[in-house]
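Listed below, chain by chain, are the residues.
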2 protein chains.
Amino acid sequence: MRLMPSLPSRCAECLVRDTSLCSAMRDDELHALSDIARRKTFPAGQVVTWSGDPNSLCANIVSGAVKVTASTPDGREQIVGLLYPGDFVGQPFAQDAPLTITAVGETDLCLFPRGPFERTLDEHRAMERKLLERTMESLTDAQNRILALGRKNAVERIASFLLEVSERMGSDEDDSASEIALPISRGEMADYLGLTIETVSRQLTRLRKDGVIALEKGDRSCTILSRERLAAIADPD
Amino acid sequence: MRLMPSLPSRCAECLVRDTSLCSAMRDDELHALSDIARRKTFPAGQVVTWSGDPNSLCANIVSGAVKVTASTPDGREQIVGLLYPGDFVGQPFAQDAPLTITAVGETDLCLFPRGPFERTLDEHRAMERKLLERTMESLTDAQNRILALGRKNAVERIASFLLEVSERMGSDEDDSASEIALPISRGEMADYLGLTIETVSRQLTRLRKDGVIALEKGDRSCTILSRERLAAIADPD
DNA sequence: CGAGGCGTTTGACGCCGGTCAAGCTGGAAT
DNA sequence: ATTCCAGCTTGACCGGCGTCAAACGCCTCG
């Protein structure tokens, strides 16, 4: 009989052990999170938390992606955030959860009940610090999206989006992939970029006809043929 | 000869002692901040920090207001945030300062050099916690603006803005004032709402003609005649 | 194989808001 | 007073993007 390793077994082969909030924890500290965590797989399109639900959940994204959506009372919808593996989901210390969280593609989450998660933050300074830094990064992302929505036209928004996804999807080795597996549908791209499906489709074919990207049809993949030209479109001079 | 009071004298009559980050500090702890702080008054329009400057400053807003702006390389400008008395300005732990901070109207700031400020965060848990909560609130604000910019038309954005200012400007006693002293010019409203000056002006006169608001001309004040109707315009059903 | 449904593409048209331009107002300088 | 100037308002026009509609490709299910 051998001793338990200090790293919780369920965390041992976690894909985001070193990229999520957990990267702020030593192996032996991770039990604090592991003990309150529940792993769950959400099929594509399943809602994790509805707007208006009591704010009871926080989570790490292990694989897949989630969209954070807000909507006007009359039903117009806007994706206010897209989160990827390693990202943190939730609002510790907040009362309400005004936003809807939905899985985009099959998604694995590592769920924490909010109360115990907050207590873990209390006890693990480094994790709270990391959460603060992550939250500030999210704010910066949001500010970039505000610039895009307020001042960029359709092509520019789409070009920016493709570059953004390319960077986030780039595997750890090569930083930015040229062939992107778009995580979301045309309709979701529209909801993310403040456009309509038709405009997204038209501008994508425009980029294709101009030889900037290639689209394999029926598939959601997109290849960047000239990153340089795409960047020039995203941030014109 | 009497003992020094535990509250630093310069903080004794500070207008935001109990609303800024400082509200997380006991009187006797405030010396840690007071010792590194420098009060400075910025005239209207003066830039506090340029985009691209080294990220060396954090601050509390004591009076006035600041705008946080981003811009595209070709010069289109967007206000990504408006901050009021009691709000915190800056990005501790971040490398660069990609945004420009500008005083809007005469503004008093309580400035902290970033390094020492970060050390103060290290030593004062409660303040770091408060900063985390504030940052999450800012993120929520930003998400609301993303919804507005992505999915609302001109009148709706302006109505939302007026209500927003009315709530933030409402003195402590009555929560939301009906007569608003608009903190910014038409041009800045345009930059904030992703519109042009002309559109802002037209939609404001439209609201005036419809009897929803009154505008005293020459002055930057605006009176909400029917908060109910304004709210119905901001979030149509 | 064919039927049906979903996501996407493409087209025709109209409107909201941007652009350009002119006039208006009030305050500061002279 | 007169001039000047910055900020605001108003008007005429136009183009980008939304709206409505139809067709296409791909998948699943009968």
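Treat the numbers as computed from the prediction; the structure is a model and nothing was measured. (Residues numbered from 1 in each chain as written. Chains lettered and ligands numbered in written order. Predicted model: local features only at pLDDT ≥ 70, side-chain atom pairs only at ≥ 80, totals over all residues. Heavy atoms only, no water.)

Visitor: Any chance you could break down the protein's contact with DNA strand C for me, citing the residues and the numbers?
Guide: For DNA strand C, the set of nearby residues contains 17 residues, the closest of which are R186, S201 and R202 of chain A together with A154 and T199 of chain B. In the environment of DNA strand C, a base nitrogen lies 3.1 Å from a nitrogen or oxygen atom belonging to the side chain of E198 of chain B. R202 of chain B is positioned such that a nitrogen or oxygen atom in its side chain is 2.9 Å from a base oxygen of DNA strand C. Looking at side-chain class alone, the surface near DNA strand C contains 3 nonpolar, 8 polar and 6 charged residues. (Near = heavy atom within 4 Å. Polar contact = N/O pair within 3.5 Å; in protein donor to acceptor, adjacent residues only side chain to side chain. Nonpolar A, V, L, I, M, F, W, Y, C, P; charged D, E, K, R; others polar.)

Visitor: Describe the packing of aromatic side chains, and please don't skip the residues or the numbers.
Guide: Residue and element names in this part refer to chain A. Overall, the coordinates contain 6 aromatic pairs over all chains when judged by the stated rule. On the basis of an interplanar angle of 20 degrees and a centroid distance of 5.3 Å, the ring pair of F88 and F117 is categorised as stacked. Of the two residues, F88 sits in strand β5 (residues 88–89) while F117 sits in helix α3 (residues 114–123), which places them 29 residues apart along the sequence. Look at F88 and you get buried, because its relative accessible area is 13%. Given a relative accessible area of 1%, F117 falls into the buried group. Here F112 and F117 contribute two aromatic rings whose centre-to-centre distance is 5.4 Å and whose plane-to-plane angle is 25 degrees, an arrangement assigned as stacked. In textbook terms, an aromatic cluster arises when at least three aromatic residues are bridged by ring pairs, as seen for F88, F112 and F117. It is R145 that lies over the ring of Y192; its NZ or CZ is 3.8 Å from the centre. (Phe/Tyr/Trp six-rings, centres within 6.5 Å; stacked < 30°, edge-to-face > 60°. Helix = DSSP H or I, 4+ residues; strand = E, 2+ residues; numbered from the N terminus. Buried < 20%, exposed > 50% of the residue type's maximum accessible area, 1.4 Å probe, protein only. Lys NZ or Arg CZ within 6 Å of the ring centre and 35° of its normal.)

Visitor: Please give an account of the relation of the copies chain B and chain A that cites residues and values.
Guide: Turning chain B through 180 degrees and shifting it by 0.0 Å along the axis lays it on chain A, with an RMSD of 0.0 Å. Look at the turn and shift together and you get a two-fold axis relating the two. Interface residue correspondence from chain B to chain A reaches 100%, placing this contact among same-surface, isologous pairings. (Least-squares fit on C-alpha atoms with pLDDT ≥ 70 in both. Contact = heavy atoms within 4.5 Å.)

Visitor: Now, about the protein's contact with DNA strand D: what can you tell me, with residues and values included?
Guide: Surveying the vicinity of DNA strand D reveals 18 residues, the closest of which are T199 of chain A together with R186, S201, R202 and T205 of chain B. The sugar-phosphate portion of DNA strand D accounts for 63% of its atoms within 4 Å of the protein, the bases making up the rest. Between DNA strand D and T196 of chain A, the relevant distance is 3.1 Å, taken from a phosphate oxygen to a side-chain nitrogen or oxygen of the residue. Contacts to DNA strand D include R186 of chain B, whose side-chain N or O atom sits 2.7 Å from a phosphate oxygen. Listed by contribution, the elements that provide at least two residues to the surface near DNA strand D are α7 (197–209) of chain A together with α6 (186–193) and α7 (197–209) of chain B. Broken down by element, the residue count for the surface near DNA strand D peaks at 6 residues, all from α7 of chain B. Residues belonging to the surface near DNA strand D are distributed by class as follows: 3 nonpolar, 8 polar and 7 charged.

Visitor: Account for empty space enclosed by the protein, with residues named and values stated.
Guide: Taken as a whole and assessed by the stated rule, the structure comprises 2 cavities of 30 Å³ or more. In this structure, the largest cavity occupies an estimated 160 Å³ of space. Along the walls of the largest cavity sit 16 residues, with R10, C11, C14, C22 and C110 of chain B positioned nearest its centre. Breaking the lining of the largest cavity down by element, the ones donating at least two residues are α1 (9–12), α2 (31–34), β3 (57–71) and β6 (100–113) of chain B. The residue makeup of the lining of the largest cavity, split by class, is 10 nonpolar, 3 polar and 3 charged. Taken as a whole, the second largest cavity spans an internal volume of roughly 140 Å³. As for the second largest cavity, its lining consists of 15 residues, and the residues nearest its centre are R10, C11, C14, C22 and C110 of chain A. Sorting the residues of the lining of the second largest cavity by element identifies α1 (9–12), α2 (31–34) and β6 (100–113) of chain A as the ones contributing at least two each. Of the residues in the lining of the second largest cavity, the class split is 9 nonpolar, 3 polar and 3 charged. (1 Å grid on protein atoms, 1.4 Å probe; cavity = no way out; pocket = protein on both sides within 12 Å on 5 of 7 lines; lining within 4 Å. Points joined across faces, edges and corners; volume = space filled by probe spheres on them.)

So far we have only geometry, and geometry alone does not tell us how the molecule works.
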